[in-house]
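Inside the fold
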Amino acid sequence: MKTLITANDVKQLATSGKKIHYIEANTIITPAAKDAAHEWGVTFEVGTAPMSSPTSVQQFNQIDTTEKRFGVSQCGPGDDF
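Residues numbered from 1 in each chain as written. Predicted model: local features only at pLDDT ≥ 70, side-chain atom pairs only at ≥ 80, totals over all residues. Heavy atoms only, no water.

1. A closer look at the overall build of the protein chain
Spelled out, the test is: Helix numbering and strand numbering both begin at the N terminus, where a helix is a DSSP run of H or I of at least 4 residues and a strand a DSSP run of E of at least 2. Note on classification: 1.4 Å probe, protein chains only; a residue is buried when its accessible area is under 20% of the maximum for its type, exposed when over 50%, partly exposed between these limits. We call two residues in contact when some of their heavy atoms are within 4.5 Å. A 1.4 Å probe and the Shrake-Rupley method give the accessible areas. Residues count as covered only by the protein chains that appear here.
A tally of helices and strands in the protein chain yields three helices and five strands. Across the protein chain, helices and strands are ordered from the amino to the carboxyl terminus as β-α-β-β-α-β-α-β. Per-residue burial over the protein chain gives 23% buried out of 81 residues. Here the analysis covers contacts within the protein chain between residues at least 6 apart in sequence; of these, 63% occur between residues at least 24 apart. With the model as given, the accessible surface of the protein chain reaches about 6000 Å², and the carbon-plus-sulfur share is 54%.

Written out as structure tokens, the structure reads:
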């Protein structure tokens, strides 16, 4: 089953301090949610959240970044999610 992300969902993520939200590949992000994510600085990534957050820049640089990252600012009109 596909998940739908709305602008209200993005606002809740941002106000809770979440800047990266992990989604499944078939997740639907509404156009208003894309705009809200850009406004609130929220990014969507396809995949599962890492087990723990890095505590230093060095640890961050060692994370495997092979999963797809979607910056909503790169999405344009007519993009189909």
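2. Digging into the environment of His 21
Residue placement: His 21 occurs in strand S2 (residues 20–23). In this structure the C-alpha to C-alpha distance between His 21 and Phe 44, which are 23 residues apart in sequence, comes to 4.9 Å. Apart from residues lying up to four places away in sequence, His 21 is in contact with Ile 5, Leu 13, Thr 43, Phe 44 and Glu 45.

3. Here we look at the nonpolar core
Note the following rule: The criterion is simple. A nonpolar core is a set of buried Ala, Val, Leu, Ile, Met, Phe, Trp, Tyr and Cys residues joined through side-chain atoms within 4.5 Å.
Formed by Ile 5, Val 10, Leu 13, Ala 14, Ile 23, Ile 29, Ala 33, Ala 36, Ala 37, Val 42, Phe 44 and Val 46, the largest nonpolar core amounts to 12 residues. Beyond its immediate stretch of four places on either side in the chain, Val 10 contacts Ile 5, Ala 33, Ala 36, Ala 37, Val 42 and Phe 44.

4. Some thoughts on the confidence of the model for the protein chain
Test applied: Residue-level confidence of the predictor is what pLDDT reports, using numbers from 0 through 100.
Taken over all residues, the pLDDT of the protein chain has a mean of 77, while the share at 70 or more is 63%. Below pLDDT 50 for its whole length, residues 56–61 participates in two contacts with residues either more than four positions away or in separate chains.

5. A look at the pairing of S2
Quick note on the threshold: Between any two strands, at least two bridges found by DSSP are needed for them to pair.
The alternating pattern of S2 places His 21 and Ile 23 on a buried face, while none of Ile 20 and Tyr 22, on the opposite face, is buried. The pairing of S2 with strand S4 (residues 43–46) spans four bridges and is parallel. Along S4, the bridge assignment pairs Ile 23 with Val 46.

6. Section: helix H1 (residues 7–15)
Going by this rule: Here the arc refers to the set of directions running from the helix axis out to each C-beta atom.
Regarding H1, the residues found buried are Val 10, Leu 13 and Ala 14. One side of H1 carries all its buried residues, which in axial view fall inside an arc of 95°. Of the surrounding elements, those touching the buried residues of H1 are strand S1 (4–5), S2, helix H2 (31–40) and S4. Trailing H1 by a residue or two, Gly 17 shows a phi angle of about 90°, which is positive.

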